[in-house]
Structure formats: structure tokens, C-alpha cells
Amino acid sequence: EDKVVQSPLSLVVHEGDTVTLNCSYEVTNFRSLLWYKQEKKAPTFLFMLTSSGIEKKSGRLSSILDKKELFSILNITATQTGDSAVYLCAVAKPTSGTYKYIFGTGTRLKVLA
Amino acid sequence: DVKVTQSSRYLVKRTGEKVFLECVQDMDHENMFWYRQDPGLGLRLIYFSYDVKMKEKGDIPEGYSVSREKKERFSLILESASTNQTSMYLCASSLPQGDWETQYFGPGTRLLVL
């Protein structure tokens, strides 16, 4: 059975700290791994990773995929209160002419001022 | 910018009622998805559609049906609502780009079934 596991489940840090969120997966026919940020409403897309070892960066956020060890990490440096959210990891696999996404349960990050 | 809208942000219904959740996207996306999100369980796929009038069951289709009569609109139907269907429902759409695709989510509908 396909599964995506995120850790930790929740995290509380202070502004300026650096955090690392983990996502491990066991999914057949892996195509890509995606990270989303969810505040009080809809998840918003952060990164999509398909190749091992290539870091994606966007400002203070970065992510990398290890397809051999089947995991990805999301790093946030110099955290701000606006980074408080649930971070979701999902793995895409092809099915019926499209892609199916298997989501982890998310990591809830709270950044204190 | 892609826009995915859902008909209601909050909905309260009674057990046994028929419930319609509507999702509309404005970017001519082929693929549309319905998820429910529950604490500790993450997002789980209910149904998806890759073309008009086409639908596929996701991981938890029991108690739900869907309709896709037009490309931009994907409806989720709870034939007879039950309390265990109280949840946050998220709609998403995507357009294949090469050999990968990114999903765009609507704001969600929080459904309470009494």
C-alpha cells in the first residue's frame, strides 16, 4: 500500500530559527514529490521535485529529494511568524491518464515571535 | 493566476440530507479532484476526473458520487449525509505539463453533518 509519512507531526520554534521538515514515502511508480503550505484555507504549492539531489530554492525555503533513500526534506531558514502553517508533502503517481497524489498527514509549524 | 472556487466555505446539514458541493476552475484544466481532509489522516482522495463525463474512484469513494458535465465544473454529491462525513472538503484542478503536473486547490468547504 502506498504511503507518505511526515515528521515531526508538529513543531514550535522561535523567529530566526531554522527548521527541517521530513517526508518519507513508499509509493509504486513514483513520478514526483510536491510540497504545499496550508494556512487557514487551501494548500498552496511550494515545490515539485522529480530528480534526486537537486535542490529547489525559493527565498528562505529549500527542498531536496533523495530517490534512493525515498525521502525529501523541506528547510526553512530564519523563520518568521508568517511561516506558521501546516506543511504537506505529496507524492504523484500516474493513473488513468492523469496523476494521483498521495498525501502525508502534514507537519504543523508554529513560529513564535 | 489559476482560480479554483468552491460554492460554500461552511455548510451545516442534517443526517440523511442530500448534499451538493460545487467546484469551478477558470483555467481550462482537464483534471479535477475531490479530497477530504481530517485531523491525523491528511488529505484523502475521494474521486477524480480527467475529462468531461469521466470519473474515477479515489481511495475513499463510499458514500459519495460526482458529476462532471462541463469541463470547468466538478460536483461532489453526498447522497445521504452521515455524521462521519463531517470534514473539510477540498477541490483541486490541474493541467498536465509535459510529464508532470501541479494541483491548484480551492479554499475548501467545511461541512458539519448533525
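See the structure printed just above.
Predicted model, so just to flag it, every value in this text is computed and none were measured.

**Q** Would you mind going over the nonpolar core in detail, with residue names and values included?
**A** Nonpolar side chains tend to gather and get buried jointly when the protein is soluble and globular. Residues and elements named next belong to chain A. If you look at the biggest cluster of nonpolar residues, it comprises 23 residues, and the most contacted ones within it are Val 4, Tyr 25, Leu 33, Trp 35, Tyr 87, Val 91 and Leu 109. The set of elements that each furnish at least two residues to this core consists of strand 3 (19–26), strand 4 (32–38), strand 5 (43–49), strand 7 (61–66), strand 8 (71–76), strand 9 (85–95) and strand 11 (107–112). In contact with Leu 109, not counting residues within four places along its chain, are Leu 11, Val 13, Val 19, Ile 76, Asp 83, Ser 84, Ala 85 and Tyr 87.

**Q** Which residues make up the packing of aromatic side chains, and what values go with them?
**A** Scanning all chains against the criterion turns up 11 aromatic pairs over all chains. Between the aromatic rings of A:Tyr25 and A:Phe30, the centroid separation amounts to 4.9 Å while the plane-to-plane angle is 15°, which identifies the pairing as stacked. When the ring of A:Tyr101 is compared with that of B:Phe33, the centres are 5.9 Å apart and the planes differ by 85°; the resulting orientation is edge-to-face. Here B:Phe33 lies in strand 4 (residues 31–38) and A:Tyr101 lies in strand 10 (residues 98–103), a pairing that spans two chains. Relative accessible area serves as the criterion here: at 2%, A:Tyr101 is assigned to the buried category. Taken together, the ring pairs in this structure connect A:Tyr36, A:Phe45, A:Tyr101, A:Phe103, B:Phe33, B:Tyr35, B:Phe48 and B:Phe105 into an aromatic cluster.

**Q** Describe the layout of surface pockets, with residues and values.
**A** Of the volumes computed, that of the largest pocket is approximately 790 Å³. Around the largest pocket, the lining comprises 28 residues; the ones closest to its centre are A:Gln38, A:Glu39, A:Val86, A:Arg108 and B:Gln37. Elements with a contribution of two residues or more to the lining of the largest pocket: strand 2 (10–14), strand 9 and strand 11 of chain A together with strand 4 and strand 9 (87–94) of chain B. The residue makeup of the lining of the largest pocket, split by class, is 10 nonpolar, 10 polar and eight charged. A volume near 340 Å³ is recorded for the second largest pocket. In terms of lining, the second largest pocket is formed by 16 residues, of which the most central are A:Glu1, A:Asp2, A:Ile102, A:Phe103 and B:Asp59. The set of elements that each furnish at least two residues to the lining of the second largest pocket consists of strand 1 (3–7) and strand 10 of chain A together with strand 5 (42–49) of chain B. Tallied by class, the residues present in the lining of the second largest pocket amount to nine nonpolar, one polar and six charged.

What counts, and where the lines are drawn
- Residues numbered from 1 in each chain as written.
- Chains lettered and ligands numbered in written order.
- Predicted model: local features only at pLDDT ≥ 70, side-chain atom pairs only at ≥ 80, totals over all residues.
- Heavy atoms only, no water.
- Core = buried A, V, L, I, M, F, W, Y, C linked by side-chain atoms within 4.5 Å.
- Buried < 20%, exposed > 50% of the residue type's maximum accessible area, 1.4 Å probe, protein only.
- Helix = DSSP H or I, 4+ residues; strand = E, 2+ residues; numbered from the N terminus.
- Contact = heavy atoms within 4.5 Å.
- Phe/Tyr/Trp six-rings, centres within 6.5 Å; stacked < 30°, edge-to-face > 60°.
- 1 Å grid on protein atoms, 1.4 Å probe; cavity = no way out; pocket = protein on both sides within 12 Å on 5 of 7 lines; lining within 4 Å.
- Points joined across faces, edges and corners; volume = space filled by probe spheres on them.
- Nonpolar A, V, L, I, M, F, W, Y, C, P; charged D, E, K, R; others polar.

Remember that the coordinates give geometry; whether it matters functionally is a separate question.
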